[in-house]
Each structure stands twice: as C-alpha cells, then as structure tokens.
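Descriptive structure summary
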Amino acid sequence: MKTNPGRFFEDFRLGETIRHATPRTVTTGDVALYTALYGPRFAVQSSDAFARAFGYPQAPLDDLLVFHVAFGKTVPDISLNALANLGYAEGRFLRPVYPGETLSAVSEVIGLKESSNRQTGIVYVRSTGYDAAGAPVLSYCRWVLVRKRDPEAAIAEEAVPQLAKAVQPADLAPALPVLDPKAYDAALAGSPHRFGDYAVGERIDHVDGMTVEEAEHQIATRLYQNTAKVHFDAHAVKETRFGRRLIYGGHVISLARALSFNGLANAFSIVGINAGRHVAPLFAGDTVYAWSEVLDRADLPGRSDVGALRLRIVAAKNQPCGAYPDRAGDGYDPAVILDLDYWALMPK
Amino acid sequence: MKTNPGRFFEDFRLGETIRHATPRTVTTGDVALYTALYGPRFAVQSSDAFARAFGYPQAPLDDLLVFHVAFGKTVPDISLNALANLGYAEGRFLRPVYPGETLSAVSEVIGLKESSNRQTGIVYVRSTGYDAAGAPVLSYCRWVLVRKRDPEAAIAEEAVPQLAKAVQPADLAPALPVLDPKAYDAALAGSPHRFGDYAVGERIDHVDGMTVEEAEHQIATRLYQNTAKVHFDAHAVKETRFGRRLIYGGHVISLARALSFNGLANAFSIVGINAGRHVAPLFAGDTVYAWSEVLDRADLPGRSDVGALRLRIVAAKNQPCGAYPDRAGDGYDPAVILDLDYWALMPK
Amino acid sequence: MKTNPGRFFEDFRLGETIRHATPRTVTTGDVALYTALYGPRFAVQSSDAFARAFGYPQAPLDDLLVFHVAFGKTVPDISLNALANLGYAEGRFLRPVYPGETLSAVSEVIGLKESSNRQTGIVYVRSTGYDAAGAPVLSYCRWVLVRKRDPEAAIAEEAVPQLAKAVQPADLAPALPVLDPKAYDAALAGSPHRFGDYAVGERIDHVDGMTVEEAEHQIATRLYQNTAKVHFDAHAVKETRFGRRLIYGGHVISLARALSFNGLANAFSIVGINAGRHVAPLFAGDTVYAWSEVLDRADLPGRSDVGALRLRIVAAKNQPCGAYPDRAGDGYDPAVILDLDYWALMPK
C-alpha cells in the first residue's frame, strides 16, 4: 500500500516516537490568513512596530497558529481514524515563533487504554513542535479515541499517563524576551486593564459572536495541513452520525481567543494549556460566542515585566454568553462547545 | 466593565481626539488576500517590476486596502452602535504605502447633530491613518448615524461641519514619486487608453459581475480587523430589520473598483474620495455590477507625468449596468447600492 | 469601446502573438493562500529548510500555482468568449519559480479550425510565462472552443497544429538545480516510496475527498486574476445550460494534485503536461476524489538524482475512486471530471 490508511488503535506502541511529515515554513502570508479567518486584534501579533517597542524583535506569530501547524502534522499519524479528540494537557509554548521559521513535529506515545468493548482505545501522545535547528518551540499532550481495525487484536502494553492538572508558572515562557511594560501602549493595544486589574473569580462575557462558514473552516484547516477527512469530505460524512462536516476543534479555540480580545485585550500571548475539552461539535452556520473566568494569577519567577493569568474560556454556539453557560449536572449546558484552561501573559 | 460596548451618541464630544487600537503591519500576505477577494488587475499594484519601471520603489498596496485597514481601526470607537454609515468626504491618500509598513489610526470628532426624535444622532469624524513614524498616510471624513443610550441625554455641543464638495487637484497625491509615463507599458497594463483619452461626461459600463459569498466578505472584513457585528453574527442579526448579515460597505467599494478595471485599466491609483454613499445594503448571494462616469479631468500642479480623472462609480446588485442605473426621483434605481465620487490617476 | 468584450473566433489570426496584461509578483502570501485552498503537503514546496537540504535555494512555488497565474493572464484575450477549454499539450515547466518573482504571459495562435456549423471555432495557442528578465519559465499549448461574433464571418487562414503526444524526458526540467537524493528525508516528506518503487501500470486510489465551496473556487480563481465570468457571476449564469457558476478547471487540477499526496508524496515537482481534458464540469458542493496510474518511468539525461514518472490522474466527483472510474464506451464514467497526463519528478 502506498497510501496512508491511518493507524488503528492496535498499531500504536507505548513509548514509540513518530516523526511527522511535511515540515512547514510559516510566513506573513499565513499571518494574513490567520487574521482574515479569525479577526484577532492583539497588538503584539498585529504590529511589528508595537512588538519592537515592547521588546520583541518583530511581531511573533499568533501562538495558536503555531499550535495548529504543529497539530496538523500529527493528524495523518495519530488521529486519521480517531472518533474524538478527548483532551489536552501540559501544553507549553516554549518560545515566540516568527515569520520565516520552519516547523516540524514529533509525537511520543505516552499512554494507551483499550475501551471495555474492545472496539476502540484511547491513545495519549506528547507532541512537540520543532524549529529548523531542531529546538523545541511547543509541546503538548492530547488524547484521542481511536478505532481498532480488529476488535480481537491484542494490545501489547497499556498505561494511562499521569498528566499535570496545570502547567506550573515556573515552566511558562522560558524564552520570552525581556519586555518593557512601560513601552506597552495600552491605548494602542485597546484596553487600560493590565495584569493587576484582573481578580481571581472574575468572569467576562466577550459579547461578540462569529458565524462560521464551510469555506472558512476548510481554508483554515488546510492552511494547517490538517487532513482529517471529517472536516472536508461532505460526500463521505453524509453516512456519519452528524451527516455533515465537523469543524476542526482548533478552529473553535482560535475563534474563542479572537473574541476574547473584547475584555482581555492585553492578554497578549498564550503560554500554556492546562486542560481542554471539545464539549460538543460545531457546524457551519453556527455562531460562536465565548466567556472567560480568571482561575488564577501568577508571577513568573525572576520577571517583573509580565504576569500570567490562568484563564478558563468557554465557547458556546448560537447563544450569547451573558448568562455564562457552563457545566450542568453531569455534563454541560447544551450550548457549550469548548472548555479550555490556559495561561496567558499580561503586561504589569 | 472590561468589555467595549461601543460609544453611544451622547458619549462623543465635539473636538475630541480618539486614538484607535491595534496597529497593523500590512504585508504581501494582505496583498495576496486582497487580490484573491476582489481580483484587481491594476498592474502597478500587481507587479513589483512594473511599478519599478514606472517609478515606484516597488508595488504599493492597493489604496483601498490601506483605506479599509485604517477604517477598520475606527469601528470599535466610532461605529459599533451605528445604524448606518451615511457618507464620506475629503478623502486624501497622502502617499503610497508599501508592504512591511505599520498603520494606525486616530479620529477627531468634527461634528455632532442629534436627530429630531432624540433616539439617534449623526457623528462626523475625520479619521487619519498614520505610519510607524507618525506621519499621516491618508485622511478622510465620514459621518454615521449612531444610537443614543438614553434618548433624554443632553448633548454638550452640536455642530455640522462644512465639508468640501471635492478634493482640490492641488491637494492630490502630494508625495507621489516622479513617474515616467513612457515607461508605462500600456499593453502590459491592459489598455491603450490614457489620461488624454477620457472625456468629461463619458460613461463606461464595466460589464462584468461578481457574486459575493458570506465567507468572502467575512474573510475580507476580518482582514481589516473591522469588528462590526452586523457583518459576522448571523444569530444576532436574525432579529434585525434585514434578518441577515450586512456586507461591509467597503467590500462593495473594492468590488466596484476591481470591476472598473474593464474600462479604466490605467486608472492606476485612487488619490481622493470626494463623496460616497452606500445607497442600499448588499447581502451574500447578490451579484455586483458597476458603471462609471467621468466627472472631471485635472492636471496636477507641477506634474506632467500623470493627470487626475474625477470619476463617479455606481454599483448595482443583480442587474448589469448597460442601462446605467442611477438616481431616480428622490432616490435611486432600486438596484443601486453605491454611489462614489473619487479621483484616480492616469498616466499621460 | 474602452471595455474588453473578448475576442471572438474570427478575431484571431494564425501566427499572431498576444502579450497579455497584468504582470504579477508572486509572494509567500500567494503560497499561503494556495496551501489554504488545496492543502498540498509536498515537503519541497512547504519548507524552505527541506528544500535547501535537498538542493534548492529555497522552497519553490507549487508548479500549478505558476501555471494558474500564467493561465489567468491569457483569459481576457483568449477565452473570454470560450464555450469550453478542450485540451492541453506540450506543457513544460522550465525552471522553479520563487516568491518575489514577477510573471507575465504571451500567447501565440498556433491553430484555428472553424466548426462545421460556423457558429464556433477552435483556437489553439501556445502560452508562455516569462519572468521579469524576459526568460521563459513555463510553456504549454491549449485549445478552446470560441464563439463567433458573426457566423458568416470568413476565417483568413486555418490550420490544426501537430502537437506531441508527450513531452520527451530530455526536455523535462532543463534548469532544475542539482539535487541530493540522500538529503531528501523521506520520513519528513511523508512516504518511503521513491522513483524505483513505482511500476508502470500501477494504479493508486488517493482515498481522500475534498468538497468545494463557492467562496473557495472564487477566491482561488481571483488569486490567479482569471476573469472568466462563468466562475463569478451567479446572476448571469442563471440563464446558461448549467444555471450556475462553473468551477475553473485548474481548480480541479490543483485539488487532484493535492489529494495525490496520499500515494505520491515524493512526486515533488510537476515538470510536464502531456495531455489534459476537463471531462465534465465541477460545481460548488461537489466532492472531488482522484486516482492515478503510472504510465511511464524515465531517467533524465545526465541526471542521477531524480527520475520522472509519467502519471495519469483521473478526478471524479461525488464518488470515491476505489473502483478507478475511467473511460467507458465512447466517453467516460459519468463521475469523471478530469483526465490529466503529466510528468512528475521523484528522488532516486
């Protein structure tokens, strides 16, 4: 077989390392498309001049663009036969990435757990994005529910990894340049509210909504060279449970992040992903809203320029978030589609 | 409140200056998207080699891309609660802008006029786009109908500005490089017709039509970081008068300009906007056509390389423009959506 | 008339040369859009680092992006009044093209053949794409069925050109850099299968499918500055045979090529087009699948780094290609939309 049918659950081996295909040079072309697809307005990523004044050598890529590019590479090897993307943990954005850099990705299988019905199993991987020099730029764990080719197939070795509940503040942003919070022009950035102005427990409705079209999520997902057929093949998915194309979960994360500008304009960089769950699918024609909660505030050891806010962002579909739709009973309010716990930096 | 609810009419003060958020570095990525969204074929903006031969240091950005980026910044402060974008005047494109430059915007409130029913008022602003060094690159006036939060609220000071009917030729293109009309290759540009070939009163049907999709206008409008929710939130607008997303008026201007290549191929740069009106809304699925009329011809003081044509472009929806749909009675032919009076340069 | 109504069949003269309008500087912005529109994953075009290790100075543009840009320029002069794009031959990609280069195009009329009913005729052209220095970068023949303005009009001189059945291996890739197949990292490229692993007669189902949206093909076709109204004007085409917008045939070629990565991941560059036919139209909402057959294998004279595979790719709509839909009787399986015979390079 010269074509890739994707791995099934029994094809994974605990501890194996998978080098993923198609290295990718990211450019200002990707930045323009990312802006056009989500509408982010964070000044550091939008303006070379703003970024330089603040202490960066130039505007870095949106952290989520780096994440999606690295994620996309893993799909043909990890999740082509996945039924669901179950969760994220231990996500660390190790350094800013700039236009012109080339990214590639490697995954390590860190856990395997067969389902009791033996039809499927959960694969845990730690995926790392590398630059052209072979240095890591981000790393995260995710776990996916993957079909077995043969329910009778035996699994060599199983283990469920112990993953941290949250990335420790000391592990955040190890290679961030020294920044100058006095040179951070808050008016130009769009909000006077800095690190000190956010309190644990504070909740923010991000107000705005964004409707998603089929062309948009397909253009985005191909930009990331993510090939999962559920996002692209309307003919094949007619026979599936939903009967239509599913939108890549990362598209929802980027939409929610862009919407969060309205209330978190100075949360200028995502530096950690503590936990994340795609609670329900999003389809074209749906409108995404979001709200955030401040879970924690942390100083970064040895730094006085920026602090880290631990934020939980909840996205909902077809329902504005003024009422903060949330967990409900054993599950969630039916409007909720994303529950993401992450660390973002704010100038002090 | 950490989120921006937008200003209401009574929040504006005559004479105040508003610095808008999110500076933006424009790149060849933006140029590619602009080309892909409208299909412009003007050679100066399309080709570095052509632009250099003509006298530019490289291909400048499409003037309307610069306009939309500067315009987009003003939306969160000026028109988030606007009911209608009523008009434009005194638009001046002060110099060519090149990929890699960073733009920001400032608006001055130059007029306020409460409506007689006290529910709304008209806000007049002069918005200026600046480069990273703080020098202006374009400036224009627009006026918008904005809701009042409280109909009873008093307005501190009202005034209706006197705006010029047209930008004077002496004020056009003050920083245009010296160009060489002999080096302007008309065959490569797509038309033999130069400045001297157009007569006042001449009308041109631009023939071609372009249908607009939801994904296209959303991608464009986000590219400009224009956040007006009427363009993006299909859920919220279900309850509005039109029941659907409105297309950003600037999208229509860019479509009409791109269509005008067929008949005005050598009108290589827009240098002034005299007046403009969005006569009726455009919705996804509609097809845009356009026709132009030559209103005036002007030499630029001290220049023999190029002349300025004052053009009026009228866009219509779902009706080809062979019959030149126009003003009718007190209003317009129902097909008309845009009536724009502008100055463009042509090689002599 | 200042607008271009397009040439009718009787307007063409055998042997005439037509310089096409609108030179175009291609950039990394175009590359990002191309990636986003089709999802190609060929490592040479995706990564500067990979391309450099292999022997290129940087990642070249996708060969089909170069083709589409050159093709687009010919449309206003050649095929604005075309009823059908009938075929391709003698396509040669003469050298890699890199971001920042400026392309223009010239066509020579190499054949004219009036139809027996005198309503239409076939125009044969050889179109050549040039760089800014005036050196050719690609060349191909195509023939189109064009309307006559006046069925009674006489045709000055007719001739049907003799076109080669295939480009000879000695004529392929004359300016390809010397490449290092040992430095070609097959794991990073996505497949262990090199030139020696493909056998004549071998067939490959590319498995995946891609559904096309109106916004996507319009964005792509405008990116190439291709102005054929059948792709853009939903209002006008309501009265045509199909009643809807037709998707540019080149869009199908690029989709098929991107899908072919799954099975031909190391076919890193297209260097010749031997023959091609758009068997049936594609419309928005359709899903494209593809399969390939290895027609021939050839060494390139004097080169041991790469070999050329002659491939036939067949695209079908709304039908996966596991059963290899193909010619049937006098025509084709009704699902088939494209039958393209081309040469691609593979590392040895």
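Residues numbered from 1 in each chain as written. Chains lettered and ligands numbered in written order. Predicted model: local features only at pLDDT ≥ 70, side-chain atom pairs only at ≥ 80, totals over all residues. Heavy atoms only, no water.

As recorded by an unreviewed UniProt entry, chain A carries the name MaoC domain protein dehydratase and is attributed to Methylobacterium nodulans.

With that out of the way, let us pick up unusual backbone geometry. If you check the backbone angles, A:A173 has positive phi at about 50 degrees while not being a glycine. Phi angles above zero are rare outside glycine, and B:V207 is one such case at about 70 degrees. In this fold, B:V207 is placed in the loop between β7 (203-205) and β8 (210-211). (Helix = DSSP H or I, 4+ residues; strand = E, 2+ residues; numbered from the N terminus.)

Quick look at the pattern of salt bridges now. Scanning all chains against the criterion turns up 66 salt bridges over all chains. Notably, a salt bridge pairs B:D185 with C:R19, separated by 2.7 Å at the nearest N-O pair. Of this pair, B:D185 sits in the loop between β6 (136-147) and α5 (186-189) while C:R19 sits in strand β1 (residues 17-19), on two different chains. Residue C:E214 pairs with C:R245 through a salt bridge whose shortest N-O separation is 3.6 Å. One end of the pair, C:E214, is in helix α6 (residues 214-223); the other, C:R245, is in the loop between α7 (234-237) and α8 (249-259), and 31 residues separate them in sequence. The same class applies to C:E214 and to C:R245, which are both buried. (Salt bridge = Lys/Arg side-chain N within 4 Å of Asp/Glu carboxyl O. Buried < 20%, exposed > 50% of the residue type's maximum accessible area, 1.4 Å probe, protein only.)

The interface of chain C with chain A comprises 46 residues on the first partner and 35 residues on the second. Roughly 3000 Å² of surface becomes buried between chain C and chain A when both sides are summed, with 56% attributable to carbon and sulfur atoms. The largest per-residue losses of area from chain C upon contact with chain A belong to C:A36, C:R41 and C:L188, which jointly make up 19% of the total buried on that side. Taking the shortest distance from any N to any O, the salt bridge between A:K2 and C:E202 comes out at 2.5 Å. (Contact = heavy atoms within 4.5 Å. Buried area = accessible area lost by both parts, 1.4 Å probe.)

Listed by partner, the interface residues are 35 residues for chain B and 46 residues for chain A. Regarding the contact of chain B and chain A, the summed buried area is about 3000 Å², with carbon and sulfur atoms giving 55% of it. Remark: the boundary between chain B and chain A carries four salt bridges. Note that A:E213 is salt-bridged to B:R245, the shortest N-O span being 2.9 Å. Here chain B and chain A share 22 residue pairs in polar contact (both at pLDDT 80 or more) between them. Contributions of two or more residues to the side of chain B that touches chain A are made by β2 (24-25), α1 (28-38), β4 (102-114), α6 (214-223) and α7 (234-237) of chain B. (Polar contact = N/O pair within 3.5 Å; in protein donor to acceptor, adjacent residues only side chain to side chain.)

With that out of the way, let us pick up the relation of the copies chain B and chain A. Take chain B, turn it by 120 degrees, move it 0.0 Å along the axis, and it overlays chain A with an RMSD of 0.0 Å. Taken together, the turn and the small shift mark the pair as related by a three-fold rotation axis. No C-alpha of chain B lies nearer the rotation axis than that of B:G29, which sits 2.2 Å from it. Of the residues that chain B buries at the interface, just 14% are likewise interface residues in chain A, meaning the two copies contact each other through different surfaces. (Least-squares fit on C-alpha atoms with pLDDT ≥ 70 in both.)

All right, on to the relation of the copies chain C and chain A then. Placing chain C over chain A gives an RMSD of 0.0 Å and needs a rotation angle of 120 degrees, together with 0.0 Å of translation along the axis. Looking at chain C, a mere 11% of its interface residues are interface residues in chain A too, so the copies touch through different faces.

Residues and elements named next belong to chain C. Alignment of strand β7 (residues 203-205) against strand β10 (residues 287-299), held across three bridges, turns out to be antiparallel. Considered in β10, the bridge of R203 is made with E293. Alignment of strand β8 (residues 210-211) against β10, held across two bridges, turns out to be antiparallel. Note that in β10 the partner of M210 across the bridge is V288. Joining the antiparallel neighbours β10 and strand β11 (residues 306-317) is a turn of six residues, in which G302 adopts a positive phi near 75 degrees. (Pairing = 2+ DSSP bridges.)

Residues and elements named next belong to chain B. With 16 residues, helix α4 (residues 63-78) should reach 22 Å at 1.5 Å per residue; the first-to-last C-alpha distance of 22 Å fits that figure. Burial of α4 is extensive: 16 of the 16 residues sit out of reach of the surface. For α4, the side-chain oxygen to backbone nitrogen distance between the N-cap and L64 is 2.9 Å, and the N-cap itself is D62. (Expected span 1.5 Å × (residues − 1).)

All names here are of chain B. Within strand β9 (residues 269-278), eight of the ten residues are buried, leaving the element largely enclosed by the surrounding structure. The sheet contact formed by strand β3 (residues 82-93) and β9 spans four bridges and is antiparallel. If you follow G91 over to β9, its bridge partner there is I273. Bridge count between β9 and strand β14 (residues 336-347): eight bridges; the pairing is antiparallel.

To continue, consider the packing of aromatic side chains. This model, assessed by the stated rule, comprises 48 aromatic pairs over all chains. Aromatic pair B:F50 and B:Y184: ring centres 5.1 Å apart, planes at 80 degrees, arrangement edge-to-face. Within this pair, whereas B:F50 is found in helix α3 (residues 48-54), its partner B:Y184 is found in the loop between β6 and α5, the two being separated by 134 residues in sequence. Judged by its relative accessible area of 5%, B:F50 is buried. Each residue in the set A:F67, A:F71, A:Y88, A:Y140, A:Y224 and A:Y248 is aromatic and connected to the rest through ring pairs, giving one cluster. Seen from the ring of B:W291, B:R203 lies directly overhead, with NZ or CZ sitting 5.2 Å from the centre. The ring of C:Y324 has C:R203 lying over it, and the distance from NZ or CZ to the ring centre is 4.4 Å. (Phe/Tyr/Trp six-rings, centres within 6.5 Å; stacked < 30°, edge-to-face > 60°. Lys NZ or Arg CZ within 6 Å of the ring centre and 35° of its normal.)

Moving on: the side chain of A:D205. Inspection of the secondary structure assignment puts A:D205 in strand β7 (residues 203-205). Engagement of the side chain of A:D205 in a polar contact is seen with the backbone nitrogen of A:G322, the distance being 3.5 Å. Contact partners of A:D205, with chain neighbours within four places excluded, come to A:N262, A:A290, A:W291, A:C321, A:G322, A:Y324 and B:T3.

It is at 8 Å that the axes of helix α6 (residues 214-223) of chain A and α6(C) come closest, and there the two elements cross at 60 degrees. Overall, the two elements α6(A) and α6(C) adopt an arrangement that is oblique. Residues A:E214, A:A215, A:Q218, A:I219 and A:R222 of α6(A) lie in contact with α6(C), whose contacting residues are C:A215, C:E216 and C:I219. In terms of residue class, the contact of α6(A) with α6(C) is built from four nonpolar, one polar and three charged. (Axes fitted to C-alpha atoms, helices over the stretch in contact; angles between N-to-C directions. Parallel < 35°, antiparallel > 145°, perpendicular 65-115°, else oblique. Nonpolar A, V, L, I, M, F, W, Y, C, P; charged D, E, K, R; others polar.)

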